[in-house]
Every structure is written in structure tokens, then in C-alpha cells.
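Here is what each chain is made of, one letter per residue.
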Amino acid sequence: MAPQDDSVFQAYVDALIRDDPPRVWSFIVTIFGDLAQAPGSQISGSVLTRITELAGIKPEAMRVAIHRLRKDGWIDSRKYGRTSTYSLTEYGRTLSAEASPRIYGAAAETPALWHLLIAGNSQDSADKLLELQALSGSYIELGGNTVLGPGPLPDNTAGFFALQGTSLSVPDWLRSQICPPELGTACHQLYTALTQITAHLSDTPANSKLEAATLRALIVHSWRRVVLRHPALPDFFFPPGWPG
């Protein structure tokens, strides 16, 4: 198998990015979450610069993003002579680990139980519902301060109308709400890009480990942008032919 030339590698990158380049800070979070999530793992500044450059990101944009991530507590940096290395902070590792099951996990299982929570008209009740949604990440908004969640009722349901059961009917309006057209388009575009890349990658492999790492990071980031936009749900929540 002959190594690929620069134009082939660039075609792979273009297929994944299309006309929607990733936010630089978010792409760097993906790189660390995928390649250096374990405690003690580090990425040198030169390697990080090269990966982001191969993904079409200018060095100055990477430096601005690194500054933001350090300021926000995501990453630490150390300097050894003229060489800088970067690693996730404990905070960064925790958030990366929380997202990993959704990014790398298999298809969602069907829960045996579901529960419904309806908040009242008070601001305290609505705020408590928003807090539950943010902490769990698994609730489905139904509208009108109403959410549906997998599993048994949470321990504290004070202030909510709460209902738990095993039977569930999913109407088409909810499927459309969970799977808006723009998300379906994003899923289809990613599938098309991966199909194109897979068809040629065995004949034109990456020239270097850095190119392979760049393609992997772009693929994981593209998938992350899709999969984290809705909760993990069983298949019957999705419309027929759903490309996700």
C-alpha cells in the first residue's frame, strides 16, 4: 500500500470539516479527551501545534484557545527548557470522563422504568428542574416545564408532579423535537464523510502518526458534535430511517 500524498490527506480533512470548521477550543478538548485523558498524560506543545495545523487551525488561533482553556481551568501547562507540555486538570478529566460513555459507548439500552416530572409555575420549581436536567444530562424536554427521564424517580421530587411507570408511547411530534432536520443533516454528512474515507483509507494510509492522530481527532470531534446534542435514547424514540 502506497502512502498517501498531501492532497489525499487534505481531502480526508475537508470531508470531515466541510464548510463548518470546529471551534478551536472545543477541538483541543476533544484531542485531550481522546489522546490524553488518563492522569499523568501529557501532549507537547509541538505535537499539539502540528495536529491542529494539520486540521487547518492556525498557530495563533491555537494559542488563543490554549489561553482560554487554561483560564477556564481545563488544562495545565508546564515548561521544560524551551518546550511546553499540556495536560488536563482534574476538572478537565472529570468532565471528559463524564462525556466519554456517550461518545465511545454502544447503543443505548431500553430502561425498564421511566419517570415524568412537571414543575409548577414558581421560579424555584422551574430552577430546580433546570438543575436536575443539567446534572443528569438524560432528561428529555417535553415542553411546559415537563421532562421525561429514564429509570426510577430521583430521591427528591418535592415541588414536582412526579409519575413513574413502565409503559411508554412516543408520538411523532416528540420524535421530531428530539431529531430536528438540522441534526439529521449533520448525521448524514458525517456518515457520508466516513464512508468516503473508509473506502480509500486502506489503500492510502496516513503518512505519519500525527496525520493518523489528526484524522482520529477530527472523526471523534465530528461524532461528539452530533451525539452530545441529544440524550442517549432507545431506537424507538427516533423517526424511521433516522441517519443517527
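Placed above this text is the structure.
What comes next concerns the included structure. Since this is a predicted model, take the numbers as computed values, not measurements. (Residues numbered from 1 in each chain as written. Predicted model: local features only at pLDDT ≥ 70, side-chain atom pairs only at ≥ 80, totals over all residues. Heavy atoms only, no water.)

## Notes on the state of the cysteines
A covalent bond bridging the sulfur atoms of two cysteines is what the word disulfide describes. Using the criterion set out here, one finds zero disulfides in the structure. Residue Cys179 stays outside any disulfide, its sulfur separated by 8.1 Å from that of Cys187, the closest cysteine. (Disulfide = S-S within 2.5 Å.)

## What about helix H9 (residues 209-227)?
Taking 1.5 Å of rise per residue, the 19 residues of H9 would be expected to cover 27 Å, and the 26 Å separating its terminal C-alpha atoms lies within 8% of that figure. Among the residues making up H9, those that are buried are Glu211, Ala213, Thr214, Leu215, Ala217, Leu218, Val220, His221, Ser222, Arg224, Val226 and Val227. Considering only its buried residues, H9 is in contact with helix H1 (6-17), helix H2 (24-35), helix H3 (45-54), helix H5 (90-104) and helix H8 (181-201). (Helix = DSSP H or I, 4+ residues; strand = E, 2+ residues; numbered from the N terminus. Expected span 1.5 Å × (residues − 1). Buried < 20%, exposed > 50% of the residue type's maximum accessible area, 1.4 Å probe, protein only. Contact = heavy atoms within 4.5 Å.)

## Quick notes on the sheet that holds strand E1 (residues 43-44)
Strand order in the open sheet made by the three strands is E1-E3-E2, with antiparallel pairing throughout. Since the sheet does not close on itself, it has two edges, and those belong to E1 and strand E2 (75-80), each with one partner. The pairing of E2 with strand E3 (residues 83-88) spans six bridges and is antiparallel. Following the sheet pairing, Tyr80 is matched in E3 by Thr83. (Pairing = 2+ DSSP bridges.)

## Focus on the pairing of strand E6 (residues 146-150)
Among the five residues in E6, four count as buried, and that is most of the element. Pairing of strand E4 (residues 114-119) with E6, which is carried by five bridges, proceeds in the antiparallel orientation. Bridge pairing links Leu116 to Leu148 in E6. For strand E5 (residues 140-141) and E6, the ladder comprises two bridges, and the chain directions are antiparallel. Paired with Glu141 across the two strands is Val147, which belongs to E6.

## Quick look at the packing of H3 against helix H4 (residues 59-71)
Orientation of H3 relative to H4, taken along the N-to-C sense of each, is 120°, at an axis distance of 9 Å. The pairing of H3 with H4 is recorded here as oblique in orientation. Considering how the two elements wind past one another, H3 and H4 form a crossing that is right-handed. For the pair H3 and H4, contact is made by Leu48, Thr49, Thr52 and Glu53 and by Pro59, Met62 and Ile66, respectively. Counted by class, the contact of H3 with H4 contains four nonpolar, two polar and one charged residues. (Axes fitted to C-alpha atoms, helices over the stretch in contact; angles between N-to-C directions. Parallel < 35°, antiparallel > 145°, perpendicular 65-115°, else oblique. Left-handed = near helix turned anticlockwise from the far one by under 90°. Nonpolar A, V, L, I, M, F, W, Y, C, P; charged D, E, K, R; others polar.)

## Thoughts on the pattern of salt bridges
One pass over the structure, following the stated rule, counts six salt bridges. In this structure, Glu53 and Arg50 form a salt bridge, with 3.7 Å as the shortest nitrogen-oxygen distance. Here the residue Glu53 and the residue Arg50 both occupy positions in helix H3, the gap between them amounting to three residues, near one helical turn. Looking at Glu53, the relative accessible area reads 34%, which means it is partly exposed. Residue classification places Arg50 among the partly exposed positions, given a relative accessible area of 38%. Across the pair Glu90 and Arg93 runs a salt bridge, and its minimum N-O distance is 2.6 Å. A residue pair is termed a helical-turn pair when its members lie 3 or 4 positions apart in one helix, as Glu90 and Arg93 do in helix H5 at three residues. (Salt bridge = Lys/Arg side-chain N within 4 Å of Asp/Glu carboxyl O.)

## What about the sheet that holds E4?
Strand pairing in a sheet relies on backbone hydrogen bonds, with the paired strands running either antiparallel or parallel. In space, the four strands of this open sheet follow the order E5-E6-E4-E7, with antiparallel pairing throughout. Across the chains shown, the open sheet's two edge strands, defined by having one partner strand only, are E5 and strand E7 (160-165). Here E4 pairs with E7 via six bridges, running antiparallel. The residue bridging Ile118 from the neighbouring strand is Phe161, located in E7.

By themselves, these figures tell us nothing about what the structure is for.
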